[in-house]
Amino acid sequence: MIILDNNRGEYKAIIIAADRYKQANDLPNTLNDAREIKKLLTEEPSHFKEENVQYYHGNLVTKAVLVASLTSFFTKAKSEDILFLFWAGHGGQMNGEGTLSLMRQKTMYQH
């Protein structure tokens, strides 16, 4: 159960489960982790509404889809909104920066 102070903004989340990879081991447990996070965010009492929680997994975890979704998520946010981002998948460091590794990609991308 997640209870946050009430404010005038909306509570929004993006949950990403990168479970399948071409160039690395698949991570089937990311689906379980992401489902549990979504359940924790949306079960009562919570300020997160189901329609404000985006969930990506499988074929939807591509660079094009996620860049568009994340860009929209952050640019449409108001200063009063509470934003939550959850990533379950491969990641690493490149040039001292954190990276996310997406399915169907040969390399990791910095964002």
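Structural data are supplied above this passage.
Residues numbered from 1 in each chain as written. Predicted model: local features only at pLDDT ≥ 70, side-chain atom pairs only at ≥ 80, totals over all residues. Heavy atoms only, no water.

1. Focus: the overall build of the chain
- A tally of helices and strands in the chain yields two helices and five strands.
- Going from the N terminus to the C terminus, the chain shows its helices and strands as β-α-β-α-β-β-β.
- Burial status across the chain gives 34% buried among its 111 residues.
- Contacts in the chain between residues at least 24 apart in sequence constitute 64% of all its contacts with a sequence separation of at least 6.
- Taken as a whole, the chain presents about 7,000 Å² of accessible surface, with 50% of it coming from carbon and sulfur. (Helix = DSSP H or I, 4+ residues; strand = E, 2+ residues; numbered from the N terminus. Buried < 20%, exposed > 50% of the residue type's maximum accessible area, 1.4 Å probe, protein only. Contact = heavy atoms within 4.5 Å. Areas by Shrake-Rupley, 256 points an atom, 1.4 Å probe, with all protein chains shown as cover.)

2. Looking at a nonpolar patch on the surface
- Side chains of F74, L83 and L85 sit close together on the surface and give an oily, nonpolar patch of about 270 Å² of accessible area.
- Its place among the elements puts L83 in strand 3 (residues 82–88). (Patch = residues over 30% accessible without salt bridge, like charges linked within 9 Å, V, L, I, M, F, W, Y side chains within 5 Å. Salt bridge = Lys/Arg side-chain N within 4 Å of Asp/Glu carboxyl O.)

3. Details of the side chain of D81
- Within the element layout of this structure, D81 appears in the loop between helix 2 (63–75) and strand 3.
- We classify D81 as buried; its relative accessible area is 9%.
- Among the polar contacts made by the side chain of D81, one reaches the main-chain amide nitrogen of E10 at a distance of 2.8 Å.
- Polar contacts involving the side chain of D81 include one to the main-chain amide nitrogen of K78, which spans 2.9 Å. (Polar contact = N/O pair within 3.5 Å; in protein donor to acceptor, adjacent residues only side chain to side chain.)

4. Looking at the pairing of strand 2 (residues 48–57)
- Pairing analysis gives six bridges linking strand 1 (residues 11–17) to strand 2, with the strands arranged parallel. What sits directly across from A17, in strand 2, is H57.
- Running through helix 1 (residues 29–42), the crossover from strand 1 to the neighbouring parallel element strand 2 is right-handed. (Pairing = 2+ DSSP bridges. Right-handed = clockwise from strand over helix to strand, strands pointing away.)

5. Focus: the packing of aromatic side chains
- For the structure shown, the criterion picks out three aromatic pairs.
- Here the aromatic rings of F48 and F84 are separated by 6.5 Å at their centres, their planes lie at 75°, and the arrangement is edge-to-face. Placement of the pair is F48 in strand 2 and F84 in strand 3, with a sequence separation of 36 residues.
- Judged by its relative accessible area of 6%, F48 falls in the buried class. (Phe/Tyr/Trp six-rings, centres within 6.5 Å; stacked < 30°, edge-to-face > 60°.)

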